[in-house]
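Take a look at the letters that make up each chain.
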Number of protein chains: 2
Amino acid sequence: MSKKPLILVTNDDGITAPGIRALIEAMKTLGDVVVVAPDSPQSGMGHAITVNSTLHLDRVTIDQGDQPEYSCSGTPADCVKLAVREIMDRQPDICVSGINHGANSSINVIYSGTMSAALEAGIEGIPAIGFSLCNYNYNANFDAAKHYAKQIVAKALAEGIPKDVVLNVNFPDVPQKDIKGIRICRQAKANWIEEFDKRQTPHGKDYYWLTGTFVNQDNGQDTDEWALENNYISIVPVQFDLTAHHSIQTLNSWDFND
Amino acid sequence: MSKKPLILVTNDDGITAPGIRALIEAMKTLGDVVVVAPDSPQSGMGHAITVNSTLHLDRVTIDQGDQPEYSCSGTPADCVKLAVREIMDRQPDICVSGINHGANSSINVIYSGTMSAALEAGIEGIPAIGFSLCNYNYNANFDAAKHYAKQIVAKALAEGIPKDVVLNVNFPDVPQKDIKGIRICRQAKANWIEEFDKRQTPHGKDYYWLTGTFVNQDNGQDTDEWALENNYISIVPVQFDLTAHHSIQTLNSWDFND
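Residues numbered from 1 in each chain as written. Chains lettered and ligands numbered in written order. Predicted model: local features only at pLDDT ≥ 70, side-chain atom pairs only at ≥ 80, totals over all residues. Heavy atoms only, no water.

Here's the deal with the overall build of chain A
Reasoning step 1: From N to C terminus, chain A includes 6 helices and 11 strands.
Reasoning step 2: Against the compact-globule benchmark of 18 Å for 258 residues, chain A has a radius of gyration of 19 Å, which places it among compact chains.
Reasoning step 3: Its C-alpha atoms give chain A principal-axis dimensions of roughly 65 × 55 × 50 Å.
Reasoning step 4: Relative to its 258 residues, chain A shows a buried fraction of 60%.
Reasoning step 5: By sequence separation, contacts in chain A at least 24 residues apart represent 77% of the contacts at least 6 residues apart.
Reasoning step 6: As displayed, chain A has an accessible area near 10,400 Å², and 46% of this comes from carbon and sulfur atoms.
Reasoning step 7: Of the side-chain charges in chain A, 20 are positive and 32 negative, and the distance between the mean point of each set is 5 Å. (Helix = DSSP H or I, 4+ residues; strand = E, 2+ residues; numbered from the N terminus. Rg over C-alpha atoms; globule rule 2.2 N^0.38 Å. Buried < 20%, exposed > 50% of the residue type's maximum accessible area, 1.4 Å probe, protein only. Contact = heavy atoms within 4.5 Å. Areas by Shrake-Rupley, 256 points an atom, 1.4 Å probe, with all protein chains shown as cover. Lys, Arg positive; Asp, Glu negative; His and termini not counted. Charge placed at Lys NZ, Arg CZ, Asp CG, Glu CD.)

Some thoughts on the UniProt feature "binding site: a divalent metal cation" (unreviewed entry) in chain A
All names here are of chain A.
Reasoning step 1: With numbering matched to this structure, UniProt assigns "binding site: a divalent metal cation" (unreviewed entry) to Asp12, Asp13, Ser43 and Asn100. Taking the farthest pair of C-alpha atoms as the criterion, the annotated set spanning 89 residues converges on one region, since that pair is 9.2 Å apart.
Reasoning step 2: With respect to the secondary-structure elements, Asp12 resides in the loop between β1 (6-10) and α1 (18-28).
Reasoning step 3: For Asp12, the side chain forms a polar contact with the side chain of Thr114, separated by 3.1 Å.
Reasoning step 4: Tracing the backbone through its elements, the reader meets Asn100 in strand β5 (residues 94-101).
Reasoning step 5: Asn100 sits in the buried class, given a relative accessible area of 6%.
Reasoning step 6: Beyond its immediate stretch of four places on either side in the chain, Asn100 contacts Asp12, Asp13, Thr114, Phe131, Ser132, Leu133 and Phe142. (UniProt positions renumbered as here; feature names shortened; annotations may be inferred. Polar contact = N/O pair within 3.5 Å; in protein donor to acceptor, adjacent residues only side chain to side chain.)

So, the relation of the copies chain B and chain A
Reasoning step 1: In the superposition of chain B on chain A (RMSD 0.0 Å, axial shift 0.0 Å), the rotation amounts to 180 degrees. Taken together, the rotation and translation describe the operation of a two-fold axis.
Reasoning step 2: Interface overlap between copies is the fraction of interface residues in one copy that are interface residues in the other; for chain B against chain A it reaches 100%, indicating a shared surface. (Least-squares fit on C-alpha atoms with pLDDT ≥ 70 in both.)

Focus on the interface of chain B and chain A
Reasoning step 1: Facing the 80 residues of chain B at the interface are 80 residues of chain A.
Reasoning step 2: In total, chain B and chain A occlude about 7,300 Å² of area from one another, counting both sides; carbon and sulfur atoms represent 64% of this.
Reasoning step 3: Of all residues in chain B, the largest losses of buried area upon contact with chain A belong to Leu242(B), Trp254(B) and Phe256(B), amounting jointly to 11% of the total for that side.
Reasoning step 4: A salt bridge links Lys189(A) to Asp164(B), with the shortest nitrogen-to-oxygen separation between them at 3.1 Å.
Reasoning step 5: For the pair chain B and chain A, the interface holds 27 residue pairs in polar contact (both at pLDDT 80 or more).
Reasoning step 6: The greatest single-element share of the side of chain B that touches chain A, amounting to 6 residues, is contributed by strand β9 (residues 190-200) of chain B.
Reasoning step 7: Considered class by class, the residues forming the side of chain B that touches chain A number 39 nonpolar, 21 polar and 20 charged. (Buried area = accessible area lost by both parts, 1.4 Å probe. Salt bridge = Lys/Arg side-chain N within 4 Å of Asp/Glu carboxyl O. Nonpolar A, V, L, I, M, F, W, Y, C, P; charged D, E, K, R; others polar.)

Focus: helix α4 (residues 143-159) of chain A
All names here are of chain A.
Reasoning step 1: With 17 residues, α4 extends 25 Å between its outermost C-alpha atoms, agreeing within 8% with the 24 Å of an ideal straight helix rising 1.5 Å per residue.
Reasoning step 2: For α4, the full list of buried residues reads Ala144, Ala145, Tyr148, Ala149, Ile152, Val153, Lys155 and Ala156. With its buried residues spanning 160 degrees around the axis, α4 presents them on a single face.
Reasoning step 3: In the core, the buried residues of α4 are packed alongside α1, β5, β6 (128-133), β7 (165-171), β8 (181-184) and β11 (232-239). (Expected span 1.5 Å × (residues − 1). Arc of directions from axis to C-beta.)

Topic: the sheet that holds β11(A)
All names here are of chain A.
Reasoning step 1: The 9 strands lie next to each other as β3-β4-β2-β1-β5-β6-β7-β11-β8, forming an open sheet whose pairing is mixed. Each having just a single partner strand, β3 (57-60) and β8 make up the two edges of the open sheet. On average, each strand axis in the sheet is inclined to that of its neighbour by 25 degrees, with strand direction left out of account.
Reasoning step 2: Pairing of β8 with β11 involves 4 bridges; the strand directions are parallel. Residue Arg183 lies in a different strand from β11, and its bridge partner there is Ser234.
Reasoning step 3: Where α1 meets the sheet, it contacts β1, β2 (32-38), β4 (69-72), β5 and β6, and its direction lies at approximately 145 degrees from that of β5. (Pairing = 2+ DSSP bridges. Axes fitted to C-alpha atoms, helices over the stretch in contact; angles between N-to-C directions.)

Observations concerning the environment of Ile184(B)
Reasoning step 1: Mapped onto the fold, Ile184(B) is located in strand β8 (residues 181-184).
Reasoning step 2: Given a relative accessible area of 13%, Ile184(B) falls into the buried group.
Reasoning step 3: With 39 residues separating them in the primary sequence, Ile184(B) and Thr223(B) have C-alpha atoms 8.5 Å apart.
Reasoning step 4: If we skip the residues at most four places from it in the chain, Ile184(B) touches Ile248(A), Leu251(A), Asn252(A), Ile235(B) and Pro237(B).

Section: the side chain of Asn135(B)
Residues and elements named next belong to chain B.
Reasoning step 1: The topology assignment puts Asn135 in the loop between β6 (128-133) and α4 (143-159).
Reasoning step 2: Judged by its relative accessible area of 13%, Asn135 is buried.
Reasoning step 3: Polar contacts involving the side chain of Asn135 include one to the main-chain amide nitrogen of Asn137, which spans 2.8 Å.
Reasoning step 4: Each residue touching Asn135, except ones within four places of it in the same chain, is listed here: His101, Gly102, Ala140 and Asp173.

Spelled out as structure tokens, the structure:
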């Protein structure tokens, strides 16, 4: 007897964001969907978890359909933890996060709430994929992303994602007919040059807004940035063993008894 | 003419925590210190940054000394960004974060605000080290940690930390005489088994506290968990290229045109 896959859907833009609604629609064609997502936007939350305050869960109905949906007061990582321990009867076959409004390519994976949810699932041994569209607008067009997200998840369910690896998928912001294909990539070496917008309160005290310019330092054609600039969908396999294994030998030459 | 090293000190427990006060004291013996740290505890914040609200900085005096200190309303990563762009005249020679009240070994590196500050500095090209003591108490004894933090930072300044690598240092919670030495380690494979403590508000609504049990699945003797259990100080070199390079070949065998 074949059972439909059980799919946990979450995100970091909040449960009502168009990106997650598109992902839910796509996933419902592949299996049984359970949604546990933040009640408000959590962008830039990194891999935050809620240890010093309480967590609240509410059963909600956003769109029609038989998928149970829960709105959570916590972070994306909290949503995954709560879903697995408190809501779902069995471990999901896959956890998908997104579709994020905005890119999570290259170094942005570090700051990404979308990817933190996927990583949290990965740490718990659940196959997981984060999806992001390179368009920050609320009203971005998710049609192509939805189409390919379905294709990628179907493939992941069929093939299995390598152990201790989570997929970071980014979609270029172009119509489906202009997408050239899917590329497996490495994370481009890039960073943000911050510029703080310094202002004064009406009471004369300084405060700051964080802004910045993204700088891609990487000329490789095997990176996610290259793929996206050339209208490919990028898939970066991401790991949560952060050990820089290649530098262990160098560090072992340090003599601490000097 | 030799110049004293410029050392940025931050943490995630907040600027008044005993752990950062110990680290400041140790660093003042090595160079010129600037402190930019959160105004309140940020534990479990992961690599969060503040994009949707304002950031405030206040010049403060906590202990005596000539180090300038700033209290910041943001996360540890925000503190590093603000320090580098708005406060310091030149790029610091090293950024140290901690000493955290509580371990950041193995998978905890992912959730750690202490390490997010160090990683943020690393991404900006600044040598960086996060320090944590395996004791959550406010009144933990930081004497041994202080001693060895000084030794490790002196060594890092002399040798240079490998490029694109940040050090994650954990101290066992034992007196200095019982510390057996310093080990370069890999991150142990471990995870948390969450248990949510489900309660009811006085108004009858469910809510949750996140709790959990740490499970080390790794029998290796080259891991940080092994080192700490055996009274060694662990140093794990950590990278912010999260690409699981070893799995690219496998994923390239996926045929998306099925």
